[in-house]
Amino acid sequence: MSNTDFTLAIEDLSVSFDGFKAIDALTLYVDKNELRVIIGPNGAGKTTLLDLICGKTRASGGSIKFKNTELLGMAEYRRVRLGIGRKFQTPSIYENLSVFKNLEVSFPRGRSVFGALAFECDQSVSARIREVAEEIGLEDKLDTEAGLLSHGQKQWLEIGMLLMQNPELLMLDEPIAGMSAKERELTAELLERICKNRSVIVIEHDMDFVKRIAHKVTVMHQGKILAEGSMEQVQNHPKVIDVYLGH
Ligand code: ADP
Ligand code: MG
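Predicted model only: the values in this text are computed from it and were never measured.

### Considerations on helix H6 (residues 151-163)
Piece 1. Look at H6: 19 Å from first C-alpha to last across 13 residues, which is about the 18 Å you get at 1.5 Å a residue.
Piece 2. Those residues of H6 that sit buried are Gly 152, Gln 153, Lys 154, Gln 155, Trp 156, Leu 157, Glu 158, Ile 159, Gly 160, Met 161, Leu 162 and Leu 163.
Piece 3. Here the buried face of H6 lies against strand E6 (84-87), helix H3 (99-105), helix H5 (123-135), strand E7 (169-173) and helix H7 (181-194).

Take a look at the structure:
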């Protein structure tokens, strides 16, 4: 397999904050339709890595190729248009709009919120909204004001807003934080469904959840990769045991 076959090929990536290397010569490849989970102690650089991929933070060196296109130096909105979606830890839904409207404003044809609201909702957009609503399990909540949804449902709605753009790479930072056991299970099923059509990177602390969803696990520590492989392989890796027992 050559590097050009990966959805995401990160090589020798670094970023420093005031001389502190938050990401240190990191190399990571993500396959098409892969669900990769990144774990690691607090401060390992997990969120910073996602910031670098989506363009929120500028790298100091290295390369990030998405479907063989170099991302470094590319503006954040252009990366979104190329097919990169990122969900942050705090949800950013429109609480006073319905689930339907939240999905509608996320349809790529609407360049601004106002443009999207004014834009007449034709049948293809409406069909796409229904398709996504079904995927995130909110098909019965389309008319519900988003502010009235449960915590878990709000998280799924935000994932749905990203899915409206049909991204080829979706990144989620701690998606099950604060969720009930039932919501966690439904989220695992949701992630299984959505990685059939795209690659997904999830940062997560909950090891039962990681075991449940991961195709492959990457363990980060001090801006570097400590171990990578199946959940079983990384769990039994002496360096990983060291780092986790040491904290
Ligand atoms: P994780 O998500 O694995 O807990 P982070 O990526 O948030 O870790 O942080 C990695 C390290 O980089 C931490 O020491 C953090 O304080 C530092 N850091 C992250 N972003 C910035 C920034 N914008 N400016 C300065 N330091 C930062
Ligand atoms: Mg983080």
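### Some details on the domain arrangement of the chain
Piece 1. Looking at the chain, the domain boundaries give domain 1 (1-83 + 201-247) and domain 2 (84-166).
Piece 2. On a C-alpha basis, the centroid separation for the pair domain 1 and domain 2 is 27 Å.
Piece 3. If you look at the interface, domain 1 gives 13 residues, while domain 2 gives seven residues.
Piece 4. With both chains or domains summed, domain 1 and domain 2 bury close to 760 Å², and 58% of this area falls on carbon and sulfur atoms.
Piece 5. Linking Arg 86 and Asp 51 is a salt bridge whose minimum nitrogen-to-oxygen distance equals 2.9 Å.
Piece 6. Put simply, domain 1 and domain 2 have three residue pairs in polar contact (both at pLDDT 80 or more) between them.
Piece 7. At the level of secondary structure, the elements contributing two or more residues to the side of domain 1 that touches domain 2 comprise helix H1 (46-54) and helix H2 (76-82).
Piece 8. Per-element tally for the side of domain 1 that touches domain 2: the top contributor is H1, with five residues.

Criteria and thresholds
- Residues numbered from 1 in each chain as written.
- Chains lettered and ligands numbered in written order.
- Predicted model: local features only at pLDDT ≥ 70, side-chain atom pairs only at ≥ 80, totals over all residues.
- Heavy atoms only, no water.
- Helix = DSSP H or I, 4+ residues; strand = E, 2+ residues; numbered from the N terminus.
- Expected span 1.5 Å × (residues − 1).
- Buried < 20%, exposed > 50% of the residue type's maximum accessible area, 1.4 Å probe, protein only.
- Contact = heavy atoms within 4.5 Å.
- Domains from an automatic or database assignment.
- Buried area = accessible area lost by both parts, 1.4 Å probe.
- Salt bridge = Lys/Arg side-chain N within 4 Å of Asp/Glu carboxyl O.
- Polar contact = N/O pair within 3.5 Å; in protein donor to acceptor, adjacent residues only side chain to side chain.

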